[in-house]
Amino acid sequence: MRMSHSAQIFRAGFLIAALTLLSACSEIKYGLYDLAMDFERSQAGVTPKSLETQGRHFAFLENQAPPDAETILLLHGFGASKENWLRFIRHLPPRYQIVALDLLGHGDSSKDTSIPYDIDDQVGYVRAFTEAAGLSRFHLMGNSMGGAISSMYAAEYPDSVASLVLMDPAGVYDFSSELETRLQKGENPLIVRKPEDFDALMEFAMEDKPFIPWPITSVLTEKAIANTGIYDHIFAELVRERHRYDFKQVLLDIRSPTLVLWGKEDRVINYRNAEVFTRQIANSRKMIIDGVGHAPMIEAPEETAEITLVFMRLLEAEKG
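Source: prediction; values computed, not measured.

Conventions and cut-offs
Residues numbered from 1 in each chain as written. Predicted model: local features only at pLDDT ≥ 70, side-chain atom pairs only at ≥ 80, totals over all residues. Heavy atoms only, no water. Helix = DSSP H or I, 4+ residues; strand = E, 2+ residues; numbered from the N terminus. Rg over C-alpha atoms; globule rule 2.2 N^0.38 Å. Buried < 20%, exposed > 50% of the residue type's maximum accessible area, 1.4 Å probe, protein only. Contact = heavy atoms within 4.5 Å. Areas by Shrake-Rupley, 256 points an atom, 1.4 Å probe, with all protein chains shown as cover. Salt bridge = Lys/Arg side-chain N within 4 Å of Asp/Glu carboxyl O. Pairing = 2+ DSSP bridges. Axes fitted to C-alpha atoms, helices over the stretch in contact; angles between N-to-C directions. Phe/Tyr/Trp six-rings, centres within 6.5 Å; stacked < 30°, edge-to-face > 60°. Lys NZ or Arg CZ within 6 Å of the ring centre and 35° of its normal.

(A) View of the overall build of the protein. Summing up its helical and strand segments, the protein has 12 helices and 8 strands in all. In summary, the protein has a C-alpha radius of gyration of 21 Å against a globular reference of 20 Å for 320 residues, a match within 12%. In terms of overall dimensions, the protein has a C-alpha envelope of 85 × 50 × 40 Å along the principal axes. Here the protein holds 320 residues, and the buried ones make up 50% of them. For the protein, long-range pairs separated by at least 24 residues make up 75% of all intrachain contacts whose partners lie at least 6 apart in sequence. Summed over its atoms, the accessible surface of the protein is roughly 15,600 Å², and 54% of this surface lies on carbon and sulfur atoms.

Right, dumping it as structure tokens:
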């Protein structure tokens, strides 16, 4: 049965009204997200900044610190962003210059599927950023993929890294994890392809998941889905069989004092791999945190910051 002309007009009007309402809701949602991020950044005392170098855009967060302040450079993990460090940064003293970088392919930095993203490639991109930002020597801290990048950076540029903190770092897989089992089944819980995948990722990656209100999770979900293409490209680079380096051999070249910090309930990378890192890195020590998963700086930001600061104070004391 054909719709009457008046019914067609009503239906068209209803669809327009519904689309307008959805658009308004989306604008409100993103507005609330921006407000929440502004609040989190203000609480951490950092502001968004960016720079261009070698034709690439690097986004980062930075605080206001004294001119002679020592620098801490923070590198997030796969599929994450600089915002992962915000709660952790809150517990760092203002005497440090804090720089949290969006790695290429992530956050607000350039996303280019035509370039390689193996760990050594990413070290080169981070080096381009540090040189452009005038960071000649700093304390380097990395989580997951960012931990692998930090490890190789410290090995390649020992004079630049005053100390190294590796939080659940990637790169060594002598002890298997739930992620490896899932990947063998053709599943990748680290990449969000549909809305329900985001909550599943949070449950998988973190043992002690922080409360995140709806507008924030909704926007984060949409952003993650929008980045599926670049994340697929980066992950394929990370898991390919052929690399130009032997990662365990790289660890032997690290000279910076190193803390390996791991959440015991990590399902992404087995915490027992910490043994390999500390065995390979000469001047290193480890700390395992109970009740925490793959992202200690998110799950237990205050405790993680305190452990990190104790490590740095010990280094200062050793220097005399």
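(B) Just the pattern of salt bridges, in detail. On inspection of all chains with the given rule, the structure shows 22 salt bridges. Between Glu40 and Arg90 there is a salt bridge, with its nearest N and O atoms 3.0 Å apart. Taken together, the residues span a long stretch of sequence, with Glu40 in helix α1 (residues 5–44) and Arg90 in the loop between α2 (86–89) and β4 (97–101) at a distance of 50 residues. Exposure remark for Glu40: the relative accessible area of 12% places this residue in the buried category. Glu207 is the partner of Arg267 in a salt bridge, and the nearest nitrogen-oxygen pair spans 2.8 Å. Of this pair, Arg267 sits in the loop between β7 (258–263) and α10 (274–280) while Glu207 sits in the loop between α6 (195–205) and α7 (214–226), placing them 60 residues apart in sequence.

(C) Quick look at the sheet that holds strand β3 (residues 71–75). The mixed open sheet is built from 8 strands, whose spatial order is β1-β2-β4-β3-β5-β6-β7-β8. What marks the edges here is a single partner per strand, and that holds for β1 (46–53) and β8 (284–289). When strand polarity is set aside, the average angle formed by the axes of neighbouring strands in this sheet is 20 degrees. Sitting on the sheet, helix α4 (residues 145–156) touches β3, β5 (138–143) and β6 (161–167), and the angle it makes with β5 is about 145 degrees. Lying on the sheet, helix α12 (residues 301–319) is in contact with β3, β5, β6, β7 and β8; it crosses β8 at an angle near 160 degrees.

(D) Spotlight on the packing of aromatic side chains. Under the criterion given, the structure shown has 10 aromatic pairs. Here Phe58 and Phe129 contribute two aromatic rings whose centre-to-centre distance is 5.7 Å and whose plane-to-plane angle is 45 degrees, an arrangement assigned as tilted. Remark: Phe129 occurs in helix α3 (residues 119–133) and Phe58 occurs in strand β2 (residues 56–63); sequence separation between them is 71 residues. Taken as a pair, Phe58 and Phe129 share a single burial class, namely buried. Geometrically, the ring pair formed by Trp85 and Phe88 is edge-to-face, given 5.5 Å between the ring centres and 65 degrees between the ring planes. By way of ring pairs, the aromatic residues Phe58, Phe60 and Phe129 are connected into one cluster. Sitting over the ring of Tyr157, Arg127 keeps its end group 3.9 Å from the ring centre. Geometry around Phe204 places Arg182 over its ring, the cationic atom sitting 5.2 Å from the centre.

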